Amino acid sequence: VIYSPEFRRIMIERKGKAKQNPFRGMKDILPRLLAFYVSSPEEQFSARLALFGPGIESTNTKLLVHKIVNARSSTFDAVEFIKGLPGGIGSGVRINYKHMYNFDLMCLYSNAATVRESVYLHKSTGRLDPELNRMLVKDSTGKLAIQPSIVKLLPTLHALVFAIDTAVDSREKVAEEVEGMRKELGVMLESQSKFNLCIPLLVLACRNESVGANCFISLEEIIVGLELLEMKSPWGVFEVCCENMRGVEKGLDWVLHHLAKKRRELSYHSMQGQSS
């Protein structure tokens, strides 16, 4: 499993820069003050999000990760590295989001950067080949499965984020590409389901309109093709424009609000149980 080398490079570059004004402009004052007054020690919680899929490896949309991690704004602010499990599995970057939430972003790549380009060129076929996609292995029956080191990470997660590149060469290719995405996602969901945890799935349908793709997969085709309507866990699909990151905030707002609400409900019921 390869975790983005950009994480370490970006954070090292940041440490070498001079410290900036903590408010970084007047527009940051209000959200910081609001976060200060509404937060409490119990709410200093970092949701653990695992980001994976063809969307973070495609040449069209791979800048999605860079723009989240490298942004230094009131929306995204990478504050520190987070340690993973023994061996480094699950290491990543903690992001302060809108001064209201923290989330730990762990990117799961299929292979080293030099190999990923060839993996993505084959798209639906190459990404399901364990020889190319090191996230996958074949079990004793020859069935595709998530490699054991990642399986150990799954019960520590609060949400899965599956990124896809919606650009296709032609309408005739849509069904084939979506089927490959469904299989890749299905292997992850099957491994995660063994822990009997109901965690949300956020699907980022990424597009880069500047590359002049012939056509794009629609949200309806994604929902039907990935068989999301059959899922028992909460799920959401959001269209993302990689040039300006439009749509990313809506997706993160949805999943982080869902997790915060679920955590508040759990805390409430725990308190009720203690007082009874």
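Residues numbered from 1 in each chain as written. Predicted model: local features only at pLDDT ≥ 70, side-chain atom pairs only at ≥ 80, totals over all residues. Heavy atoms only, no water.

Another point: the overall build of the protein. Within the protein, the regular secondary structure consists of eight helices and 11 strands. Among the 276 residues that make up the protein, the fraction classed as buried is 45%. Residue pairs at least 24 apart in sequence account for 72% of intrachain contacts in the protein once pairs closer than 6 positions are excluded. (Helix = DSSP H or I, 4+ residues; strand = E, 2+ residues; numbered from the N terminus. Buried < 20%, exposed > 50% of the residue type's maximum accessible area, 1.4 Å probe, protein only. Contact = heavy atoms within 4.5 Å.)

It is worth spelling out unusual backbone geometry at this point. A positive phi angle is found at K98, which is not glycine, with a value near 60°. Relative to the assigned elements, K98 resides in the loop between β3 (92-97) and β4 (101-108).

This next bit is on helix α3 (residues 63-70). Listed as buried for α3 are L64, V65, I68 and V69. Seen along its axis, α3 keeps its buried residues to an arc of 115°; they face one direction. (Arc of directions from axis to C-beta.)

Right, let's talk about the sheet that holds β4 for a bit. Reading across from one edge, β2-β3-β4-β1-β7-β9-β11 is the order of the seven strands in this open sheet, with mixed pairing throughout. Each edge of the open sheet carries a strand with a single partner, namely β2 (76-82) and β11 (235-241). Across the sheet, the mean angle from the axis of one strand to that of its neighbour is 30°, orientation sign disregarded. Packed on one face of the sheet, helix α6 (residues 174-193) meets β1 (46-52), β4, β7 (159-165) and β9 (201-207) and runs near 170° to β7. (Pairing = 2+ DSSP bridges. Axes fitted to C-alpha atoms, helices over the stretch in contact; angles between N-to-C directions.)

Moving on: the environment of C215. Mapped onto the secondary structure, C215 falls in strand β10 (residues 215-216). Contact partners of C215, with chain neighbours within four places excluded, come to T166, A167, V168, S170 and R171.

Glancing now at the pattern of salt bridges. For the structure shown, the criterion picks out 12 salt bridges. A salt bridge links D104 to R94; the nearest nitrogen and oxygen atoms lie 2.6 Å apart. With D104 in strand β4 and R94 in strand β3, the pair connects residues that are 10 residues apart, well separated along the chain. Its relative accessible area of 3% is what places D104 among the buried residues. A salt bridge links K173 to E176, with the nearest nitrogen and oxygen atoms 3.6 Å apart. E176 sits in the partly exposed class, given a relative accessible area of 37%. (Salt bridge = Lys/Arg side-chain N within 4 Å of Asp/Glu carboxyl O.)

Attention now moves to the environment of L202. By the element assignment, L202 lies in strand β9. Sequence spacing of L202 and G251 is 49 residues, and the spatial spacing of their C-alpha atoms is 6.9 Å. Leave out the neighbours within four places in its chain, and L202 touches L160, V161, F162, G236, F238, G251, L252, W254 and V255.

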